[in-house]
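Residues per chain, in single letters:
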Amino acid sequence: MKWFLALNDGAPHFAAYADMVKVAVRSARRHTRLEPVLLFDGAPNALTAWCVAEGATVLSARWRLLDEYRRGAQATGRRQLWDYAAGIFLRTEVPRLCKEQGWRDETVLYTDCDVMFTGDPEPLLPGLAGRFFAAAPEEDPADAEAINSGVMLLNLPALRQLEPAFQEFMHRHLAECAELTDQWVYRSFFRRGWGLLPTALNWKPYWGDNPDARIVHFHGPKPFLRAAIAAGTAAPVQREMARGAFGSYCDAWDACLSGA
């Protein structure tokens, strides 16, 4: 199964996110048979070369609404949002890019960069009959309405059927995209047209340790924020979420990175 992740070279803390990509790819290589594909908005660099050397496919990609989004962000003065958007919204281009590459996969996996594979997710993946994608709950494991788009199983034929309407929806709601980002887009447009992934496939460290987790998602605080969290200079929400098994999962992340 193809597995997609995405990043742009103008992302804040790019070097730290490059390390997260390395951990994601290396841990997937150790624990899964997934075929990694990095969607990258930017010029080839050391990270893209590293990914190719690790056997990943690197596709040059750009969110088709990015220029218009940036004009709106610039007008509102919310520059920090456009720096992230180039990578965040690349996930919406996966159905199109697969078709352009001639890939006939009907189902692919997408994750954010800030994940670490601790097991093989494929045996836990649900069927997608009648669903556009599957995702796990975000902060509350029992809240199936508030899904997190950091890990998604995508039904490509179904998504392509609605792609023009989906693009038009994002175009009409670029202000909301800027304010609420990708999760709001998927929740609002698809309106429960999704299936549920087990929480083991999008496990948050602040939920505690889970030996059955297959994908650990550093949702909220990232490993590179540990020093700021310890010093009390990180944002309050980051400090509050750095609980549970955050420290131990960061230790495992360090061990994986050291081999990258």
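Please refer to the structure higher up on the page.
What counts as what
- Position numbers for residues count from 1 along each chain, tracking the sequence in the order it is written.
- Only residues with pLDDT of at least 70 are given local features in this predicted model, and only at 80 or more are side-chain atom pairs given and counted; all residues enter the totals for whole chains, interfaces and linings.
- Side-chain calculation: all heavy atoms of the structure are included, whereas hydrogens and water are not.
- The criterion for strand pairing is that DSSP finds at least two bridges linking the strands in question.
- Secondary structure elements follow DSSP: runs of H or I no shorter than four residues count as helices, runs of E no shorter than two count as strands, and numbering proceeds from the N terminus.
- Comment: axis = line fitted to C-alpha atoms, over the contacting stretch for helices; angle = value between 0 and 180 degrees taken between N-to-C directions.
- Residue contacts are counted whenever heavy atoms from the two residues lie within 4.5 Å of one another.
- Each nonpolar core is a collection of buried residues, namely Ala, Val, Leu, Ile, Met, Phe, Trp, Tyr and Cys, held together in the definition by side-chain atoms within 4.5 Å.
- Classification of residues uses two cut-offs on accessible area relative to the type maximum, computed with a 1.4 Å probe and protein chains only: under 20% is buried, over 50% is exposed, and between them is partly exposed.
- Arc, as used here, means the arc of the directions from the helix axis to the C-beta atoms.
- Helix span is expected to be 1.5 Å times the residue number reduced by one.
- Whenever two N or O atoms come within 3.5 Å, that pair is a polar contact, provided that in protein one can donate a hydrogen and the other can accept it, and provided that, for residues adjacent in sequence, both atoms are side-chain atoms.
- Pairing of aromatic rings covers Phe, Tyr and Trp, the last through its six-membered ring, and needs centres within 6.5 Å; plane angles under 30 degrees mean stacked, over 60 mean edge-to-face, and all others mean tilted.
- Consider the ring centre and the ring normal. A charge sits over the ring if Lys NZ or Arg CZ is within 6 Å of that centre and within 35 degrees of that normal.

A. Local environment of the sheet that holds strand 7 (residues 147–155). With mixed pairing, the seven strands of this open sheet are ordered in space as 3-2-1-4-7-6-8. The open sheet is flanked by strand 3 (57–60) and strand 8 (194–196), the only strands paired with a single partner. Strand-to-strand, the axes of this sheet are offset by a mean angle of 30 degrees, without reference to chain direction. Two strands pair when backbone bridges link them, and strand 1 (residues 2–8) and strand 4 (residues 107–111) are joined in this way by two bridges, in the parallel orientation. Counterpart to Phe4 in the pairing with strand 4 is Tyr110. Each of strand 1 and strand 2 (35–41) is contacted by helix 1 (residues 14–31), which is oriented at about 170 degrees to strand 1, the strand it contacts most.

B. Broad picture of the nonpolar core. If you look at the biggest cluster of nonpolar residues, it comprises 50 residues, and the most contacted ones within it are Trp3, Leu7, Val21, Phe117, Leu197, Phe218 and Tyr249. In terms of residue count, helix 1 provides more of this core than any other element does, nine residues in total. Formed by 38 residues, the second largest nonpolar core is a distinct cluster that contains Ala85, Val108, Leu174 and Trp194.

C. Structural context of helix 5 (residues 94–101). Among the residues making up helix 5, those that are buried are Val94, Pro95, Leu97 and Cys98. Angular distribution of buried residues about the axis of helix 5 spans 165 degrees; they occupy a single face of the element. The exposed residues of helix 5 that point more than 90 degrees off its buried face are Lys99 and Glu100. Against the buried residues of helix 5 lie strand 1, strand 2, strand 4, strand 7, helix 6 (156–161) and helix 7 (163–172). Following helix 5 by one or two positions, Gly102 has its phi on the positive side, about 80 degrees.

D. Highlighting helix 11 (residues 246–258). Compared with the 18 Å implied by 1.5 Å per residue over 13 residues, the 18 Å span of helix 11 between its first and last C-alpha is a close match. Those residues of helix 11 not exposed but buried are Phe246, Tyr249, Cys250, Trp253 and Cys256. On an axial view of helix 11, the arc spanned by its buried residues comes to 115 degrees, and they lie on one face. Against the buried residues of helix 11 lie helix 1, strand 5 (115–117), strand 9 (215–217) and helix 9 (226–231).

E. Spatial organisation of the environment of Pro12. As for its position among the elements, Pro12 is in the loop between strand 1 and helix 1. In contact with Pro12, other than residues within four places in its own chain, are Tyr17, Asp83 and Tyr84.

F. Quick peek at the side chain of Glu163. Mapped onto the elements, Glu163 comes out in helix 7. Here Glu163 falls in the buried class, since its relative accessible area comes to 13%. A distance of 2.8 Å separates a polar atom in the side chain of Glu163 from a polar atom in the side chain of Arg64. For Glu163, the residues in contact, after removing those within four places along its chain, are Arg64, Thr92, Pro95 and Arg96.

G. Structural detail: the packing of aromatic side chains. Summed over all chains, the structure comprises 21 aromatic pairs. When the centroid spacing of 5.2 Å and the interplanar angle of 45 degrees are considered together, the rings of Phe132 and Phe190 count as tilted. Separated by 58 residues along the polypeptide, Phe132 in the loop between strand 5 and strand 6 (133–137) and Phe190 in helix 8 (residues 174–190) bring together distant segments of the chain. Here Phe190 falls in the buried class, since its relative accessible area comes to 6%. Ring geometry for Phe169 versus Trp184: centroids 5.7 Å apart, planes at 20 degrees, classification stacked. Note that Phe169 is positioned in helix 7 and Trp184 in helix 8, a separation of 15 residues in sequence. Of the residues examined, Phe169 reaches a relative accessible area of 10% and is grouped as buried. Just above the ring of Trp103 sits the side chain of Lys2; from NZ or CZ to the centre is 5.0 Å.

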